[in-house]
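Chain and residue survey
Listed below, chain by chain, are the residues.
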Amino acid sequence: MPNAPVPTIGRAVHYVSQGSPIRPDGTQAFPSVRRSAEITEVDEEGNVGLLVKNPTGLFFYPIRGENGPVPYAEPVPGAPLQPGTWHWPERV
């Protein structure tokens with residue numbers, strides 16, 4: 001990721017939610033969506049823990065937690081976002 005920002009505590013990022021399991025008919029009760037998040041911790045290897053801000057509440061993903069660390073995935077134009085990952089907000 002050339003010229004990418006360095007993850008530091010307090011930085012605003014985007015998290016892509018997992019969504020609910022896909023049903024046999026191909027639909028989801030809750031599709032994967034982009035959420036506002038904040039970096040809460042960074043380890044020596046650059047792994048991050050996140051605070052994800054959902055309309056229904058706050059969710060924490062610590063580096064050493066059940067769901068952490070949260071992997072980074074650079075968005076690819078025209079491709080779907082990868083659920084369960086974080087990325088820097090797009091510049092507009």
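Because the structure is a prediction, the values reported are computed rather than measured. (Residues numbered from 1 in each chain as written. Predicted model: local features only at pLDDT ≥ 70, side-chain atom pairs only at ≥ 80, totals over all residues. Heavy atoms only, no water.)

Comments concerning the environment of Gly65
Condition: Helix numbers and strand numbers start at the N terminus; a helix is a DSSP run of H or I with at least 4 residues, a strand a run of E with at least 2.
Tracing the backbone through its elements, the reader meets Gly65 in the loop between strand E4 (57-61) and strand E5 (85-87). Each C-alpha atom, one on Gly65 and one on Gly49, is 8.7 Å from the other, the two residues being 16 residues apart in sequence.

Digging into the pattern of salt bridges
Inclusion rule: In what follows, salt bridge is the name for a side-chain nitrogen of Lys or Arg lying within 4 Å of a carboxyl oxygen of Asp or Glu. Accessibility here uses a 1.4 Å probe with only protein chains present; expressed as a share of the type maximum, an area under 20% marks a residue as buried, one over 50% as exposed, and anything in between as partly exposed.
A complete count under the given rule lists 2 salt bridges for this structure. Ionic pairing is found between Lys53 and Glu38, a salt bridge with its closest N-O pair at 3.7 Å. Here Glu38 lies in strand E2 (residues 34-42) and Lys53 lies in strand E3 (residues 48-54), a separation of 15 residues in the sequence. Residue class for Lys53 comes out partly exposed when judged on its relative accessible area of 34%. Classification of Glu38 as partly exposed rests on a relative accessible area of 28%.

Regarding the side chain of Thr85
Formally: Under the rule applied, a polar contact is a pair of N or O atoms within 3.5 Å (in protein, one hydrogen donor and one hydrogen acceptor; residues adjacent in sequence only if both atoms are side-chain atoms). A contact between two residues is defined here by any heavy atoms of the two lying within 4.5 Å.
Mapped onto the elements of the fold, Thr85 is located in strand E5. Within the structure, Thr85 has its side chain in polar contact with the backbone oxygen of Gln82 (distance 2.6 Å). Setting aside residues up to four positions removed in sequence, Thr85 forms contacts with His14, Tyr15, Val16, Val70, Pro71 and Ala73.

Observations regarding the sheet that holds E4
Two strands in a sheet stick together by hydrogen bonds in their backbones, pointing the same way (parallel) or opposite ways (antiparallel). Threshold: Criterion used throughout: strands pair if DSSP finds at least two bridges between them. The axes are straight lines fitted to the C-alpha atoms, using for helices just the contacting stretch, and the angles between their N-to-C directions are given from 0 to 180°.
Spatially, 5 strands are ordered E4-E3-E2-E1-E5 in an open sheet, and the strand pairing comes out antiparallel. A strand with exactly one partner marks an edge of an open sheet, and here the two such strands are E4 and E5. Here the average twist between neighbouring strands, direction ignored, is 35 degrees. Here strand E1 (residues 12-16) pairs with E2 via 5 bridges, running antiparallel.

A few points about the nonpolar core
Looking at soluble globular proteins, one finds that nonpolar side chains tend to be buried together. Under the convention used in this document: Side-chain atoms within 4.5 Å are what join buried Ala, Val, Leu, Ile, Met, Phe, Trp, Tyr and Cys residues into a set we call a nonpolar core.
Core analysis: the largest hydrophobic core is formed by 11 residues, namely Val13, Tyr15, Ala37, Ile39, Val48, Leu50, Val52, Tyr61, Val70, Trp86 and Trp88. Those elements that place two or more of their residues in this core are E1, E2 and E3. Top contributing element to this core by residue count: E3, with 3 residues.

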